[in-house]
Each structure stands twice: as C-alpha cells, then as structure tokens.
Amino acid sequence: MDYGLSLNTSIKQQLLGNIVRLRYMEAPIFVDVASVINQYSLSGNIDAGVGFNSGSNTGTLGAGGRWEDRPTITYSPISGRKFSESLLKPISPESLFALVQSGWSTELMFRLTVAQINGVADANPPLQAEPRFRDMLSVWSRLREARIIALRRSSNVDERARIVLYVNDAELDEQTRDDLSFLRETLGLRKGAKEFTLSYGLTSHDPDALVVLTLSILDMMVDLARLVDVPQQHIDEGRTSPTFVDTGLGGPLLQVHSSIEEPEMPYVAIRERGYWFYIDDRDLMSKRTFGVIQILLSLTDSGDAAKGPVLSIGG
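Enquirer: Just checking my understanding: could you explain the pattern of salt bridges for this structure?
Expert: A side chain with one charge can pair with a side chain of the opposite charge if their charged atoms come near. According to the stated counting rule, one finds 15 salt bridges in the structure shown. Taking the shortest distance from any N to any O, the salt bridge between D179 and R142 comes out at 2.8 Å. Pair noted here: D179 is in helix α6 (residues 174-187) and R142 is in helix α5 (residues 131-145), with a separation of 37 residues, a long-range link. Overall, R142 belongs to the partly exposed group, its relative accessible area being 36%. Across the salt bridge formed by R226 and D223, the nearest N and O atoms sit 3.0 Å from each other. In the salt-bridge network here, residues are joined through shared partners; they are R111, D122, R134 and D246.

Right, dumping it as structure tokens:
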C-alpha cells in the first residue's frame, strides 16, 4: 500500500471538506496525522478428506492462506493560539511580492491573496472585480517577465521594502511604455518615479507608495467557498447563499462541482450532505489554486495537538 498517496488524499479531502463546509456557513476543522500504524495478519487453513464407494477409494487435500495489511491512521485536531493567528493573519505584502518575483504566477497569487492595491479592487462577492485590477495583473506579469519591475529589500529591518522599476526610458519599446503608463495611471503613481514603498493597508494618498490589502488564509478559503457549485435545492431551502459566478477576466480560480453520482475523474472528491463535491482532474486552474492553498496552509504554524481524544481509522 502506498501510504504517501493515502496521506496526500486525506489532506486534500480535508481541505476540500473545509471549503465545502464554509459554503454552508460551518466552521472549518483542521486535523493533523499523528501516526500511521501497520497491522499485519496471516491466516491459513488445510482441509483433507477420505471417501469410499463400491468401486474405488477417493481422497481430497486442500490448503489456503490470506495475508492482510491494515493500516491505522491516527488524527488529532489542531488548535492553539499560534495556529489560529496563522489562519487569521493576512499574508505580508513583502512575502507575496517575493513569491511573485521568484516565479509564482502573478495572476494566480494576486487574485488569490489580494483584495485591493491602492484602492483598485478584485472580486469581493457579490461584487465583481474592477476590470482595471485584472488588466493590471497582465501588465504586472509582462513587466516582471521583462525584469523591469522587482521587489527590493533593505538590510535595515526598520526600512520598508520597495517596488523598483529598472528602466531606461530611452530604450523602452512601445508595449513597455504603454504598460508602465497604464500601471502608473491605474494605481495613481507619480509619473517618472521609479521607486515605491510597499506596505499593508486599505488605500493610499501617496503617489510614491503601493498599499496592498492582503487576505488571510481563512479569507481565501471563504472566498473560494463562494464559488462552490451547490445543488439548487439547497439554495432554495435557504441552506446556503447563491453561487458566486466570477465573470471577470480569467474566470473563476476554483470550480468545485456537485453531483448525486460519484465522479469518474476527480482530482479530489468528498461526500457531504448526500452529494459528491469534487474538482475535475482535467481542470488545471482549479488544481493550481488548490495546490497553492495547500502549500500556504503547510507553511502555517501547526499549533498544539489536541490533549483530548483522537480519532483512529483502521483498515
């Protein structure tokens, strides 16, 4: 048995289960794998018999055996102040821009972790994203790939990080000129400036600053939960709110489908409220988004394991 695969499946199901439960206004519950214990058993049997009839003697002899490998996985709930703070604390703008600079997708990371930059907002259900926000992400991505825009950190811990434009205006092509002009106009940045302080906040009145309102991991999960496609009956009965449909550039980051029948090709699937909820294995965008959330969760402080009962699931 591939225990690594089993644990990975368990972790994915836990995350999807929490997103679905948030869709139904339930609190998420996180557990950690405390131990995996192998239980082996070997059994066998031998049968023999002799028979007589009028013409001949007959005899039978048989043997059989069975080997079983039954793992027991022990889970313990994760709690504690540090873990709660990790879920509720917004990601720092400096950490976010460092990830983007290292090669993580600009569009994915900004849409997943940023509510707004200098007052320009992404989707906030039931509100759709400002078109300028999604256009800005495409521009930022092109400038990053051209190594024109980058994060610069200072060795002085009291000094804020900066976003720097490494450009020589005389050598820029027309596309780059248009991109820089659009970026400055959209974010209200001073024309000609090439360095901008980076900080967390709601809005900025400083033309030499980038103020970024980032989200916590729990915020991200709540936003993704609003995209889960739930049965219409559950909406009509008031069990949950209508599904948010992201009509902006790039479409939804995550698509979780629901079905009475068990899905044939799921990336991850769970059974909840009499329905199957699942991510299609052919949906690359949803898989990337789900994977990034898994990575961000793995980087949080694990908190304290529960002191009370644990749950053991044996084969």
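Okay, back to it.
Enquirer: Help me out: how do you make sense of the sheet that holds strand β11 (residues 275-280) in this one?
Expert: Backbone-to-backbone hydrogen bonds join strands into a sheet, with any given pair of strands oriented parallel or antiparallel. Read from one edge of the open sheet, 3 strands run β9-β11-β10, paired in antiparallel fashion. For this open sheet the edge positions go to β9 (257-259) and β10 (266-272), each flanked by a neighbour on one side alone. Across the sheet, the mean angle separating the axes of adjacent strands is 25° when strand polarity is ignored. Direction of pairing for β10 relative to β11: antiparallel, over a ladder of 6 bridges. If you follow P266 over to β11, its bridge partner there is D280. Across the face of the sheet, helix α9 (residues 284-298) comes into contact with β10 and β11 while running at roughly 70° to β10.

Enquirer: Would you mind going over the environment of L16 with me for this structure?
Expert: By the secondary structure assignment, L16 is in helix α1 (residues 3-23). Note on L16: relative accessible area 0%, which makes it buried. For the pair L16 and A225, spaced 209 residues apart in the sequence, the C-alpha separation amounts to 9.2 Å.

Enquirer: Help me understand the packing of aromatic side chains in this model?
Expert: What describes a pair of aromatic rings is the distance from one ring centre to the other and the angle between the planes of the rings. Under the definition given, this model contains 5 aromatic pairs. Ring geometry for F97 versus F110: centroids 5.2 Å apart, planes at 65°, classification edge-to-face. With a gap of 13 residues between them, F97 in helix α3 (residues 93-101) and F110 in helix α4 (residues 106-113) connect regions that are remote in the sequence. For the residue pair F97 and F110, the accessibility class agrees, reading buried in each case. Seen from their ring centres, F110 and W140 are 5.8 Å apart, and the 50° between their planes marks the pair as tilted. With F110 in helix α4 and W140 in helix α5, this residue pair connects regions lying 30 residues apart in the sequence. We classify F110 as buried; its relative accessible area is 0%. Each residue in the set F97, F110 and W140 is aromatic and connected to the rest through ring pairs, giving one cluster. The ring centre of Y24 lies 4.1 Å from the NZ or CZ of R273, which sits over that ring.

Enquirer: Is there a simple way to think about the packing of helix α7 (residues 217-225) against α9 in this case?
Expert: Any two packed helices are characterised by how steeply their axes cross, that is the angle between the axes, and by the distance between the axes. Where α7 meets α9, the axes come as close as 11 Å, and the angle between the chain directions of the two elements is 155°. For the element pair α7 / α9, the angle class is roughly antiparallel. Here the hand of the crossing between α7 and α9 comes out left-handed. Residue-level inspection shows I217, M220 and L224 of α7 in contact with α9, the latter providing T289, I293, L296 and L297. Counted by class, the contact of α7 with α9 contains 6 nonpolar, 1 polar and no charged residues.

Enquirer: Looking at this model, I keep getting lost on the sheet that holds strand β7 (residues 195-200). Mind explaining?
Expert: Overall, mixed pairing links the 6 strands, which are arranged β4-β3-β8-β7-β6-β5 in an open sheet. Since the sheet does not close on itself, it has two edges, and those belong to β4 (120-121) and β5 (149-152), each with one partner. With 4 bridges connecting them, β7 and strand β8 (residues 209-214) associate as parallel partners. When the sheet's bridge partners are listed, Y200 is paired in β8 with V212.

Enquirer: What is the right way to look at the packing of α4 against α9 in this model?
Expert: As a packed pair, α4 and α9 sit with axes 11 Å apart at the nearest point and diverge in direction by 60°. In terms of orientation, α4 and α9 fall into the oblique class. For the element pair α4 and α9, the recorded crossing hand is right-handed. Across the interface between the two elements, L108, M109 and L112 of α4 pack against R288, T289, V292 and I293 of α9. For the contact of α4 with α9, a count of residues per class yields 5 nonpolar, 1 polar and 1 charged.

Enquirer: In this structure, what is going on with the nonpolar core? I would like to understand it.
Expert: Side chains of a nonpolar character, in soluble globular proteins, are inclined to be buried together. Counting 70 residues, the largest nonpolar core has F97, F110, I117, W140, L187, L210 and F277 as the members making the most contacts within it. For this core, the leading source of residues is α5, giving 6 residues.

Calculation criteria
- Sequence positions are assigned chain by chain, starting from 1 and proceeding in written order.
- Local features in this predicted model are restricted to residues whose pLDDT is 70 or higher, and side-chain atom pairs enter the listing and the counts only when it is 80 or higher, whereas totals over whole chains, interfaces and linings include all residues.
- With hydrogens and water excluded, all non-hydrogen atoms of the structure serve as input to the side-chain values.
- Between Lys or Arg on one side and Asp or Glu on the other, a salt bridge is scored when a side-chain nitrogen of the former is within 4 Å of a carboxyl oxygen of the latter.
- Helical segments are the DSSP runs of H or I of at least four residues, strand segments are the runs of E of at least two, and each set is numbered from the N terminus.
- Relative accessible area decides the class of each residue, using a 1.4 Å probe on protein chains only: under 20% of the type maximum gives buried, over 50% gives exposed, and in between gives partly exposed.
- When DSSP locates at least two bridges between a pair of strands, those strands are taken to pair.
- Throughout, an axis means a line fitted to C-alpha atoms (over the contacting stretch in the case of helices), and angles, computed between N-to-C directions, take values from 0 to 180 degrees.
- Whether two residues are in contact is decided by their heavy atoms, any of which lying within 4.5 Å being enough.
- Stacked, tilted and edge-to-face pairs are distinguished by plane angle, under 30 degrees for stacked and over 60 for edge-to-face with tilted covering the rest, among Phe, Tyr and Trp rings (Trp via its six-membered ring) whose centres lie within 6.5 Å.
- Think of it as a cone above the ring: NZ of Lys or CZ of Arg counts as a charge over the ring if it is within 6 Å of the ring centre and within 35 degrees of the ring normal.
- Any angle that is under 35 degrees is reported as roughly parallel, and any over 145 degrees as roughly antiparallel; angles of 65 to 115 degrees are reported as roughly perpendicular and all others as oblique.
- Crossings are assigned a handedness: left-handed for a near helix turned anticlockwise from the far helix by less than a right angle, right-handed for a clockwise turn.
- Each residue receives one of three labels: charged for Asp, Glu, Lys and Arg, nonpolar for Ala, Val, Leu, Ile, Met, Phe, Trp, Tyr, Cys and Pro, and polar for the others, Gly being one of them.
- Only buried residues count toward a nonpolar core, which is a set of Ala, Val, Leu, Ile, Met, Phe, Trp, Tyr and Cys residues joined through side-chain atoms within 4.5 Å.

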